[in-house]
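Understanding the architecture of this molecule
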Amino acid sequence: VFVVFGLLGIIWVFAWHRIFRDEPSEHPDVNEAEAALIAAGREPAQPSAHEGWPYWRRLLGHRNTWPLCFAYVANSFAFYFCITWLPTYLHEQHGIAGSSLGLLSGLPLLVAVLGDLGGGALTDWAVARFGLRAGRVGVCCLGYGAAGLTMLAATSATTPLAAVGLISLAVGA
C-alpha cells in the first residue's frame, strides 16, 4: 500500500507540475492570444500582504494562534496513537487478535469521522444560538474536555470493548 500510494503521489506531482501554474500565461497550453485576453481584464498585481516577517509576526501574535496550535497537538497525538500504537495496545493489553483487532483498531477513526461531521453541525448550531466566539470556543472546550476524560478513563478500562469504546469516544470528541 505504501509503495502504491507513493507511486500515485509521484504521478500526481508530475501531473500537478504540468497542469497548474500561479499565472495562466505560464501554462504550456496557453497561447499568446489567450494570455493577452486574460491579462487584459486584470488589474496590476499588488504585493501580497502574506509575505515576510511582518505577516508571521502578526500571525504568531494573534491571540487565537497558539491555542489553536496546542489543540492540534492533541488532535495529532490522538490520531497518531490510533494509526500506530492502538493495534499493539489492544493486542498486548487486551489480548485482541485476528480480524477483531483490525475492526476494533479502525473503530476510533470511524467515530472520528462522525465526530467531525457532528462537531461541525453542533458548532453551526452553537454559533447561531450563542454567537461566534461562544459557539466555537464552547464546542471546542466541551469536545476537548470530553476527549480528555474519556481517554483517561480508557487507561483504566478492564475489558477490550470498554477500552475501544472509550478511546473511540475520545477521538470522536
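Fair warning: this is a prediction, and the values are worked out from it, not measured in the lab. (Residues numbered from 1 in each chain as written. Predicted model: local features only at pLDDT ≥ 70, side-chain atom pairs only at ≥ 80, totals over all residues. Heavy atoms only, no water.)

1. Describing the pattern of salt bridges
Put simply, the test is: One speaks of a salt bridge when a side-chain nitrogen belonging to Lys or Arg is within 4 Å of a carboxyl oxygen belonging to Asp or Glu. A run of H or I in DSSP counts as a helix once it spans at least four residues, and a run of E counts as a strand once it spans at least two, with each numbered from the N terminus. Three exposure classes are used, based on accessible area relative to the maximum for each residue type with a 1.4 Å probe and protein chains only: buried under 20%, partly exposed in between, and exposed over 50%.
Counted by the stated rule, this structure contains 1 salt bridge. Between Arg18 and Asp29 there is a salt bridge whose closest N-O contact spans 3.4 Å. A residue pair is termed long-range when its members are at least 10 positions apart, and Arg18 in helix H1 (residues 2-19) and Asp29 in the loop between H1 and helix H2 (32-40) qualify at 11 residues. With relative accessibility at 40%, the residue Arg18 sits in the partly exposed group.

2. Some points on helix H7 (residues 160-172)
We apply this condition: What a helix is expected to span follows from its residue count: subtract one and scale by 1.5 Å. Should any heavy atoms of two residues lie within 4.5 Å, those residues are considered in contact.
Taking 1.5 Å of rise per residue, the 13 residues of H7 would be expected to cover 18 Å, and the 18 Å separating its terminal C-alpha atoms lies within 8% of that figure. Buried within H7 are the following residues: Ala163, Val164, Ile167, Ser168, Ala170, Val171 and Gly172. On its buried face, H7 sits against helix H4 (65-94), helix H5 (98-130) and helix H6 (132-154).

3. Some remarks on the environment of Leu110
Mapped onto the elements, Leu110 comes out in helix H5. Sequence separation between Leu110 and Tyr72 is 38 residues, and the spatial gap between their C-alpha atoms is 19 Å.

4. So, the state of the cysteines
Stated formally: Cysteine sulfur atoms that come within 2.5 Å of each other are treated as a disulfide pair.
Enumeration according to the criterion identifies 0 disulfides in this entry. In this structure Cys69 is not part of a disulfide, and its nearest cysteine sulfur, from Cys140, lies 13 Å away. Left without a disulfide partner, Cys141 is nearest to the cysteine sulfur of Cys140, which lies 5.5 Å away.

5. What to know about the environment of Pro28
As for its placement among the helices and strands, Pro28 is situated in the loop between H1 and H2. Sequence-wise, Pro28 and Arg18 are 10 residues apart; in three dimensions their C-alpha atoms are separated by 7.9 Å. In this structure, Pro28 is in contact with Arg18 and Arg21, ignoring residues within four places of it in sequence.

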